[in-house]
Amino acid sequence: MADLLVLTPSADGADGVLPALALLSHRTRVVAPEPTAMLDAVEADVLVVDARTNLAEARHNCRLVQVTGVTVPLLLVLREGGMSIVTADWGADDVVLTDASPAEVETRLRLLIGRASSADSLDKAAEYQSGDLTVDVGGYTARLKGRPLDLTYKEFELLKYLMQHPGRVYTRDQLLQEVWGFDYYGGTRTVDVHVRRLRAKLGAEHEQLIGTVRNVGYRFDPLPIRHAADPSARPANA
């Protein structure tokens with residue numbers, strides 16, 4: 001049984017967007033296409049985007065998923081007339097017609113989830129790198145341009161967690177739960193303080209690695225690994 005998040009502006013419900021879901025045993029939730037909905041998408045197995053009627057809005061919603069950094073597989077639901085409009089830049093992992101049979105929908109979902117599971121090696125990595133920043137999970141050390149950063153345990157845990165999920169936006173409450181744990185009784189201000197300290201230790205050149213999403217929370221904004229011999233690796237403002 002999979003967890004499906006159905007992104008739709010209509011009041012038709014999950015079964016209205018993709019009727020075959022009524023005959024399948026998957027858990028479904030329906031949310032409006034808003035940035036805050038992407039917080040729910042992080043926990044889903046597949047994100048189902050309604051593109052039955054308004055293709056322009058559907059394309060915008062797919063872009064919304066990309067901008068917020070959600071890496072959950074995206075299944076686009078279309079009517080036949082919309083098939084010729086969809087291109088690779090929409091970011092969909094698969095498409096299905098709204099009147100597809102339960103067997104077809106089940107197969108597409110199974111393949112999407114299977115591919116995502118086999119491709120997701122982030123949580124198994126012993127070391128994460130973004131530009132000049134390297135985090136060694138096993139050694140509990142972080143290095144910037146090869147120089148060790150003097151981080152407290154919680155600063156390291158916060159940086160590691162954000163870096164393990166690049167581009168994903170987390171609320172302060174979510175970060176408290178994931179980094180500090182359920183038994184922590186402090187307020188969300190704790191997250192702000194640790195983010196401020198982390199940015200200070202990263203320095204002005206790298207503090208943008210921890211991005212702020214206004215009215216939502218924080219995310220890790222990855223940078224490419226720069227090579228000295230590659231002139232195209234210069235910063236844009238150089």
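To be clear, the structure that these remarks concern was listed above.
Calculation rules
- Residues numbered from 1 in each chain as written.
- Predicted model: local features only at pLDDT ≥ 70, side-chain atom pairs only at ≥ 80, totals over all residues.
- Heavy atoms only, no water.
- Helix = DSSP H or I, 4+ residues; strand = E, 2+ residues; numbered from the N terminus.
- Buried < 20%, exposed > 50% of the residue type's maximum accessible area, 1.4 Å probe, protein only.
- Contact = heavy atoms within 4.5 Å.
- Areas by Shrake-Rupley, 256 points an atom, 1.4 Å probe, with all protein chains shown as cover.
- Phe/Tyr/Trp six-rings, centres within 6.5 Å; stacked < 30°, edge-to-face > 60°.
- Pairing = 2+ DSSP bridges.
- Axes fitted to C-alpha atoms, helices over the stretch in contact; angles between N-to-C directions.
- Core = buried A, V, L, I, M, F, W, Y, C linked by side-chain atoms within 4.5 Å.
- Parallel < 35°, antiparallel > 145°, perpendicular 65-115°, else oblique.
- Nonpolar A, V, L, I, M, F, W, Y, C, P; charged D, E, K, R; others polar.
- Arc of directions from axis to C-beta.

Draft legend 1. Geometry of the overall build of the protein chain. When its secondary structure is counted, the protein chain shows seven helices and eleven strands. Here the protein chain holds 238 residues, and 42% of them are scored as buried. Taking contacts inside the protein chain between residues at least 6 apart in sequence as the whole, the part at least 24 apart equals 57%. A total accessible area of about 12,700 Å² is found for the protein chain, and carbon and sulfur atoms account for 52% of it.

Draft legend 2. Representation of the packing of aromatic side chains in the model. Within the structure shown, the criterion is met by three aromatic pairs. Consider the rings of Tyr140 and Tyr153, whose centres lie 6.0 Å apart with planes at 20°: the pair is stacked. Of the two residues, Tyr140 is situated in the loop between strand S7 (133–136) and strand S8 (141–144) and Tyr153 in helix H5 (residues 153–164); the sequence distance between them amounts to 13 residues. Note on Tyr140: relative accessible area 42%, which makes it partly exposed. Members of the aromatic cluster, joined through ring pairs, are Tyr140, Tyr153 and Phe156.

Draft legend 3. Main features of the pairing of strand S3 (residues 46–51). Of all six residues making up S3, six are buried, and the element is well covered by its neighbours. Covered by surrounding structure in S3 are Val46, Val48 and Asp50 together with Leu47, Val49 and Ala51, the residues of both alternating faces. The sheet contact formed by S3 and strand S4 (residues 74–78) spans five bridges and is parallel. What sits directly across from Val49, in S4, is Leu76.

Draft legend 4. Main features of the sheet that holds strand S2 (residues 27–31). Taken in spatial order, the five strands of this open sheet run S2-S1-S3-S4-S5, and their pairing is parallel. Each edge of the open sheet carries a strand with a single partner, namely S2 and strand S5 (94–97). The average undirected angle you get between the axes of adjacent strands in this sheet is 25°.

Draft legend 5. Spatial organisation of the sheet that holds S7. Pairing in this open sheet of four strands is antiparallel, and the strands run S6-S7-S8-S9 from one edge to the other. Edge positions in the sheet fall to strand S6 (127–130) and strand S9 (147–148), since each has one partner strand and no second. Two strands pair when backbone bridges link them, and S8 and S9 are joined in this way by two bridges, in the antiparallel orientation. Across the sheet, Arg143 pairs through a bridge with Pro148, a residue of S9.

Draft legend 6. Examining the nonpolar core more closely. By size, the foremost hydrophobic cluster in this structure holds 27 residues, and its most contacted members are Leu133, Leu158, Leu159 and Leu175. If sequence neighbours within four positions are ignored, Leu133 has contacts with Tyr128, Arg143, Leu144, Leu149, Leu159, Met163, Leu202, Leu209 and Phe220. If you look at the next biggest cluster of nonpolar residues, it comprises 18 residues, including Val6, Ala14, Val17 and Val105.

Draft legend 7. Spatial organisation of the pairing of S5. Residue alternation in S5 divides its side chains into a buried set, Asp94 and Val96, and an unburied set, Val95 and Leu97. Note: S4 against S5, four bridges, orientation parallel. Paired with Leu78 across the strands is Leu97, a residue of S5.

Draft legend 8. Molecular detail of the packing of helix H6 (residues 172–180) against helix H7 (residues 189–202). Across the interface, H6 lies against H7 with an axial gap of 9 Å and an inter-helix angle of 80°. Judged by the inter-axis angle, H6 sits roughly perpendicular to H7. The segment H6 lies against H7, with Arg172, Leu175, Leu176 and Trp180 engaging Thr190, Val191, Asp192 and His194. Counted by class, the contact of H6 with H7 contains four nonpolar, two polar and two charged residues.

Draft legend 9. Highlighting H6. Three or more residues of H6 are buried, namely Leu175, Leu176, Val179 and Trp180. Projected down its long axis, H6 shows its buried positions confined to an angular sector of 105°, all on one face. In the core, the buried residues of H6 are packed alongside H5, H7 and strand S11 (217–220). Two residues or fewer past H6, Gly181 is found with a positive phi of approximately 95°.

Draft legend 10. Just the environment of Ile113, in detail. Relative to the helices and strands, Ile113 is located in helix H4 (residues 102–119). Under the relative-accessibility criterion, Ile113 is labelled partly exposed at 23%. Apart from residues no more than four positions distant in its own chain, Ile113 is found in contact with Ala2, Asp45 and Val46.

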